[in-house]
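# Descriptive structure summary
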There are 2 protein chains.
Amino acid sequence: MLHLNAFLMTVGHHESAWRFPESGLTAAWDVAHYRHLARVAERGRFDSVFFADGPSLQGDVRHRPVGRLEPTTLLAALAGATEHIGLIATASTTYEEPYNLARRFATIDHISGGRAGWNIVTTAGREAAQNFGLDDVPAHRHRYERAAEFVEVCLRLWDSWEDDFLLGDKESGRYADGDRIHTIDHIGRFFRVRGPLNVPRTPQGHPLLVQAGSSSDGREFAARYAEAVFTAQQTLAEGQAFYADLKARVAAAGRDPDLVKILPGIVPVLGRTEAEAAERAHELERLQVAEYGLRQLASLTGIEVTEADLDKPLPDGGVDVTEVQGAQSRFALVTDLARREGLTVRQLLGRLGGGRGHRTVTGTPAGIADTMEEWYTSGAADGFNVMPPLLPSGLEEFVDHVVPILQRRGLFRTAYTGSTLRDHYGLPRPANRFAPTPAAP
Amino acid sequence: MLHLNAFLMTVGHHESAWRFPESGLTAAWDVAHYRHLARVAERGRFDSVFFADGPSLQGDVRHRPVGRLEPTTLLAALAGATEHIGLIATASTTYEEPYNLARRFATIDHISGGRAGWNIVTTAGREAAQNFGLDDVPAHRHRYERAAEFVEVCLRLWDSWEDDFLLGDKESGRYADGDRIHTIDHIGRFFRVRGPLNVPRTPQGHPLLVQAGSSSDGREFAARYAEAVFTAQQTLAEGQAFYADLKARVAAAGRDPDLVKILPGIVPVLGRTEAEAAERAHELERLQVAEYGLRQLASLTGIEVTEADLDKPLPDGGVDVTEVQGAQSRFALVTDLARREGLTVRQLLGRLGGGRGHRTVTGTPAGIADTMEEWYTSGAADGFNVMPPLLPSGLEEFVDHVVPILQRRGLFRTAYTGSTLRDHYGLPRPANRFAPTPAAP
Ligand SMILES: Cc1cc2nc3c(=O)[nH]c(=O)nc-3n(C[C@H](O)[C@H](O)[C@H](O)COP(=O)(O)O)c2cc1C
Ligand SMILES: Cc1cc2nc3c(=O)[nH]c(=O)nc-3n(C[C@H](O)[C@H](O)[C@H](O)COP(=O)(O)O)c2cc1C
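Right, let's walk through the structure included here. (Residues numbered from 1 in each chain as written. Chains lettered and ligands numbered in written order. Predicted model: local features only at pLDDT ≥ 70, side-chain atom pairs only at ≥ 80, totals over all residues. Heavy atoms only, no water.)

### Here we look at the overall build of chain A
Within chain A one finds 14 helices and 13 strands. On C-alpha atoms alone, chain A measures out to a radius of gyration of 22 Å, which is about the 22 Å that the 2.2 N^0.38 rule sets for 441 residues. Viewed in the frame of its principal axes, chain A has a C-alpha envelope of about 75 × 50 × 40 Å. The buried share of chain A, reckoned over its 441 residues, is 61%. Expressed as a percentage of contacts within chain A between residues at least 6 apart in sequence, the contacts between residues at least 24 apart total 78%. Put simply, chain A shows about 15700 Å² of open surface, and 49% of that area lies on carbon and sulfur atoms. Side chains of chain A carry 47 positive and 57 negative charges; the gap between the two charge centres is 2 Å. (Helix = DSSP H or I, 4+ residues; strand = E, 2+ residues; numbered from the N terminus. Rg over C-alpha atoms; globule rule 2.2 N^0.38 Å. Buried < 20%, exposed > 50% of the residue type's maximum accessible area, 1.4 Å probe, protein only. Contact = heavy atoms within 4.5 Å. Areas by Shrake-Rupley, 256 points an atom, 1.4 Å probe, with all protein chains shown as cover. Lys, Arg positive; Asp, Glu negative; His and termini not counted. Charge placed at Lys NZ, Arg CZ, Asp CG, Glu CD.)

### Quick word on the site of ligand 2
All names here are of chain B. The full set close to ligand 2 counts 25 residues, and Asp 53, His 140, Tyr 144, Ser 215 and Ser 329 are the nearest of them. At 3.5 Å, a side-chain N or O of Thr 90 approaches an oxygen atom of ligand 2. Residue assignment for the shell around ligand 2 shows that the elements contributing at least two residues are β4 (116-121), α5 (140-158), β10 (228-231) and α10 (328-341). The residues that make up the shell around ligand 2 include at least three from each of domain 1 (3-270 + 357-424) and domain 2 (289-352). (Near = heavy atom within 4 Å. Polar contact = N/O pair within 3.5 Å; in protein donor to acceptor, adjacent residues only side chain to side chain. Domains from an automatic or database assignment.)

### Looking at the interface of chain A and chain B
When the parts of a complex come together, some accessible area is lost, and that lost area is often taken as the interface size. Contacts between chain A and chain B engage 71 residues on the former and 71 residues on the latter. Here chain A packs against chain B, burying approximately 5900 Å² in sum over the two surfaces, 60% of which is carbon and sulfur. The largest per-residue losses of area from chain A upon contact with chain B belong to A:Lys170, A:Tyr175 and A:Arg192, which jointly make up 13% of the total buried on that side. Across the contact surface, chain A and chain B share four salt bridges. Of the charged contacts, one joins B:Arg103 and A:Asp53 as a salt bridge, the two residues approaching to 2.6 Å between their closest N and O atoms. Across the contact surface, chain A and chain B share 39 residue pairs in polar contact (both at pLDDT 80 or more). Elements with a minimum of two residues in the side of chain A that touches chain B: α2 (71-79), α3 (98-111), β5 (166-169), β6 (174-176) and β8 (192-193) of chain A. Here the side of chain A that touches chain B takes eight residues from α3(A), the largest share from any one element. Residues that form the side of chain A that touches chain B fall into these classes: 34 nonpolar, 20 polar and 17 charged. (Buried area = accessible area lost by both parts, 1.4 Å probe. Salt bridge = Lys/Arg side-chain N within 4 Å of Asp/Glu carboxyl O. Nonpolar A, V, L, I, M, F, W, Y, C, P; charged D, E, K, R; others polar.)

### Let's talk about unusual backbone geometry
Along the chain, B:Gly195 connects to B:Pro196 via a cis peptide bond; the corresponding omega equals -10°. Topologically, B:Pro196 is positioned in the loop between β8 (192-193) and β9 (208-211). With an omega of 10°, the peptide bond between B:Leu391 and B:Pro392 qualifies as cis. Relative to the elements of secondary structure, B:Pro392 occurs in the loop between β13 (383-386) and α13 (393-408). Even without being glycine, A:Arg45 reaches a positive phi, approximately 60°.

### Remarks on the relation of the copies chain A and chain B
Note that the two copies of the chain are related through a rotation about an axis and a translation along the same axis. When chain A is fitted to chain B, the residual RMSD is 0.0 Å, and the transformation amounts to a turn of 180° plus an axial shift of 0.0 Å. Here the copies are linked by what is in effect a two-fold axis. Here 100% of the contact residues of chain A are again contact residues in chain B; the copies associate through an equivalent surface. (Least-squares fit on C-alpha atoms with pLDDT ≥ 70 in both.)

### Here we look at the pairing of strand β9 (residues 208-211) of chain A
Residue and element names in this part refer to chain A. With burial as the criterion, each face of β9 is covered, one bearing Leu 208 and Val 210 and the other bearing Leu 209 and Gln 211. Pairing geometry for strand β4 (residues 116-121) and β9, over four bridges, is parallel. Across the sheet, residue Asn 119 finds its bridge partner in β9, namely Val 210. Sheet topology places β9 next to strand β10 (residues 228-231); two bridges connect them, and they run parallel. (Pairing = 2+ DSSP bridges.)

### Digging into the packing of aromatic side chains
Inspection of every chain in the model, using the stated rule, returns 34 aromatic pairs over all chains. Seen in terms of ring centroids, A:Trp29 and B:Phe165 are 6.0 Å apart; in terms of plane orientation they differ by 50°. Their pairing is tilted. Linking A:Trp29 in the loop between β1 (3-7) and α1 (31-43) with B:Phe165 in the loop between α5 and β5 (166-169), this pair reaches from one chain into another. There is no split in this pair, since A:Trp29 and B:Phe165 are both buried. Here a set of aromatic residues connected by ring pairs shows up, and it is made of A:Phe105, A:Trp118, A:Phe150, A:Trp158, A:Phe190 and A:Phe191. (Phe/Tyr/Trp six-rings, centres within 6.5 Å; stacked < 30°, edge-to-face > 60°.)

### So, the pairing of β4(A)
All names here are of chain A. Of all the six residues making up β4, six are buried; the element is thus mostly covered by neighbouring parts of the structure. Every second residue of β4 is oriented toward a common face, with Ala 116, Trp 118 and Ile 120 on one face and Gly 117, Asn 119 and Val 121 on the other, all of them buried. Crossover strand β3 (residues 86-92) to β4 through α3 is right-handed. (Right-handed = clockwise from strand over helix to strand, strands pointing away.)

### Re the environment of B:Leu337
Residue and element names in this part refer to chain B. Tracing the chain through its elements places Leu 337 in helix α10. In this structure Leu 337 comes out as buried when scored by relative accessible area, which is 1%. Leu 337 has contacts with Gln 234, Leu 343, Leu 348, Arg 351 and Leu 352, leaving out every residue within four places of it along the chain.

### Brief notes about the site of ligand 1
Residue and element names in this part refer to chain A. Looking at ligand 1, there are 25 residues lining it, with Asp 53, His 140, Tyr 144, Ser 215 and Ser 329 nearest. Taking Ser 214, its main chain carries an N or O atom lying 3.3 Å from an oxygen atom of ligand 1. Compared with its free state, where it exposes 610 Å², ligand 1 has 91% of that area covered by protein. Looking at the shell around ligand 1, the elements with two or more residues in it are β4, α5 (140-158), β10 and α10 (328-341). When residues in the shell around ligand 1 are grouped by element, the largest group, three residues, is from α10. Here the residues of the shell around ligand 1 are counted per class, giving nine nonpolar, 14 polar and two charged. Taken domain by domain, the makeup of the shell around ligand 1 includes at least three residues from each of domain 1 (3-270 + 357-424) and domain 2 (289-352).

### Section: the pattern of salt bridges
Charged atoms that come close allow side chains of opposite charge to pair. This model, assessed by the stated rule, comprises 74 salt bridges over all chains. A salt bridge links A:Arg340 to A:Glu238, with the nearest nitrogen and oxygen atoms 3.0 Å apart. In this pair, A:Arg340 is assigned in helix α10 and A:Glu238 in helix α7 (residues 236-252), connecting sequence segments 102 residues apart. On the basis of relative accessibility, which here comes to 40%, the residue A:Arg340 falls in the partly exposed class. Between B:Glu220 and B:Arg249 there is a salt bridge whose closest N-O contact spans 2.8 Å. Here the residue B:Glu220 occupies a position in helix α6 (residues 216-225), and B:Arg249 occupies one in helix α7 (residues 236-252), the gap between them amounting to 29 residues.

This is the structure we're talking about:
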């Protein structure tokens with residue numbers, strides 16, 4: 001069975017989405033909008049919904065509703081509006097403190113009955129750095145080193161209460177077994193954290209760990225910690241190569257590759273006919289604002305070009321990818337795409353307008369299901385990160401027209417069988433590192 | 001009209017609460033428990049519910065369910081379960097970053113339709129410091145200096161979007177007026193923050209600012225920033241002195257004293273008769289565990305005594321209050337109480353078991369209403385921070401039996417008349433510091 005995650009971004013992933021009649025001008029920070037989306041995704045039996053995030057105003061607000069809600073608080077609000085679906089929020093290891101973040105995710109896991117997931121990112125943008133006392137983003141390597149220590153601290157904090165700490169003896173006044181609640185006494189390069197956490201161990205043991213950076217450092221990090229991986233892949237061949245590489249790294253790290261689910265992004269531009277789908281794709285592209293796209297390109301890749309360059313090829317910045325201190329994998333993807341297809345800047349902006357580098361598939365429900373099946377059965381994906389260009393309609397159409405086809409083909413669940421997010425992804429509840437291992441019989 | 005805030009703490013404020021039959025052993029981190037409490041408080045037309053917090057495991061978990069949920073995420077969950085009542089969470093200026101916290105409270109204000117409040121604290125405990133790379137709590141003065149700068153940064157971030165930023169011109173592609181969204185370019189002693197926030201201005205403009213430290217530094221801070229003040233006061237005379245002092249400081253800071261609401265804590269131990277109430281108070285005290293109380297005393301005041309000292313008077317640590325680096329006002333309150341009433345350590349622990357220094361009032365509903373009316377009409381309170389010893393029953397009884405008496409006496413609302421938390425407290429929506437002042441007519 002494949003896995004589906006609904007990547008919910010404001011009024012849709014396409015930068016023109018807000019200009020469509022259906023789109024609410026303030027929906028991007030209206031909890032009712034997200035409540036509706038989460039319920040639609042749950043009706044479609046999605047594994048999870050997901051919110052991206054960064055601690056800065058990203059993108060050009062003059063041309064797009066980029067204001068938004070903070071996702072950990074939003075997840076908590078959605079927990080009460082849904083029953084089954086997993087709830088994944090992005091949070092940054094570069095600009096948070098492990099004790100604070102571990103508590104919030106533990107709380108969401110309790111509140112949702114075991115449906116929380118954390119998309120662990122290191123945050124590539126300079127704007128974010130400048131909201132935290134820095135002039136520029138810390139070096140790529142440094143961010144991933146901090147991320148690894150950050151996650152280690154969180155894992156220990158989430159285990160700091162053993163599952164069976166409770167005595168609950170009202171008669172004698174002994175509430176808990178103090179020997180089953182542990183300080184963690186972490187002393188590392190980036191953090192010193194004593195513990196224990198002040199939240200008991202959660203239904204899932206700890207939230208599902210998701211990772212979404214595809215650089216070499218990012219893959220190594222994913223191999224060690226991730227249980228699900230989001231990634232942007234433009235072609236089937238690239239998708240297969242990434243899939244094989246990451247699963248091999250997982251095995252090399254001593255983990256079971258089946259227990260790390262790889263979900264490439266897909267931007268489905270749907271129509272009842274091919275022609276209708278193409279017409280919609282065209283309309284989305286027609287409504288793009290070049291000024292916005294250029295700024296977005298600069299923020300994705302660091303490549304600065306002006307409106308005068310729109311009909312020229314993308315300049316080769318002469319930069320080696322490993323020197324990119326922002327988002328390395330996105331830089332490589334965009335420059336490869338432009339070179340491979342010989343795109344002008346204007347054409348490139350058209351290709352990036354929907355998914356910022358994620359694959360756009362334009363077609364009928366059956367055609368889109370075909371592409372998904374092909375990627376799934378040919379070793380490029382364990383599932384998909386579905387990124388509707390317009391919200392809510394793009395998600396509603398996907399749930400009503402694509403999901404039933406996947407279900408008829410036996411590729412996707414028709415009902416939830418478990419109750420936690422890890423259940424949906426077919427992953428076991430992790431053991432507690434502080435608990436005594438059960439004695440051999 | 002007086003104001004009522006329901007201070008919701010795990011299964012009740014009294015340290016013996018968990019040993020009562022009604023008390024659920026894991027209710028302290030069960031969202032359903034808090035959902036019920038918030039709805040009961042809303043049925044009683046309370047202004048707000050409130051959660052205390054600190055980023056560490058506080059108190060002795062062996063003798064009390066001190067594990068809990070993180071309150072900003074909890075508030076977001078409660079927003080969807082309630083319609084009118086204000087939602088106040090504590091967060092620490094010592095262990096958070098302003099950009100992160102400003103976003104979360106802005107998000108909760110959006111999600112709740114303008115019902116968010118922030119209890120600003122500087123966090124006195126050493127345990128918390130050790131979860132954030134420190135050996136001990138930063139100096140008292142230093143914490144309050146950081147708190148002031150922290151709040152200034154948040155206020156600017158919350159104003160960084162003017163209310164009328166929206167153009168929403170789908171035709172031309174102009175979404176927002178960039179001139180109405182501002183960087184804040186803050187450069188201070190503790191923080192450098194560029195802004196703007198990535199969340200638009202909220203229904204309340206910004207969350208209600210609440211303050212709860214009563215030391216001299218704490219009062220100065222409250223005079224500058226607070227819109228509501230929680231405080232622990234043992235006697236009417238102390239309550240009046242605090243009230244007069246704080247209102248005078250507010251005036252001296254150039255603000256209108258009526259726009260800062262002072263709410264002393266009250267722990268109501270209710271009975272249908274005086275005898276029944278006294279019996280319940282006795283039962284609560286009987287179930288206290290001395291070992292727990294001694295540890296709690298040490299953490300409240302820094303005074304370390306052993307079980308051997310239980311029947312002796314509280315030792316005079318010889319410490320001057322201004323040298324206390326933890327919670328200065330609570331140190332003063334506890335040592336004054338013990339001295340004034342000549343209490344042994346055991347008696348003192350009995351007095352602190354319910355409210356950790358907050359006033360306990362034992363009696364019938366009418367008797368408790370009398371006390372509240374007296375404090376309210378004689379210049380000691382604008383309202384009360386109601387701290388039920390047992391939850392949920394202590395809150396249910398208060399709502400069913402005390403609130404109707406206050407309503408009959410014309411002291412308390414019978415229906416909500418506004419929609420935001422500031423509406424309930426009779427406070428205006430703040431102006432935006434970046435918005436042009438309206439031209440004279
Ligand atoms: C589906 C997907 C979602 C992502 N979401 C975020 C996000 O919300 N915030 C963020 O900082 N980075 C996010 N990233 C990662 C960045 O795109 C970028 O890859 C990362 O910051 C640096 O990774 P890298 O240098 O390892 O490629 C996401 C990536 C993918 C594939
Ligand atoms: C009702 C009430 C609630 C409080 N809640 C908290 C809290 O949740 N977290 C916290 O660190 N301090 C809280 N405080 C403040 C501390 O008790 C203590 O006063 C503060 O940390 C230091 O203040 P001071 O030294 O100015 O008195 C609260 C105080 C009152 C009166």
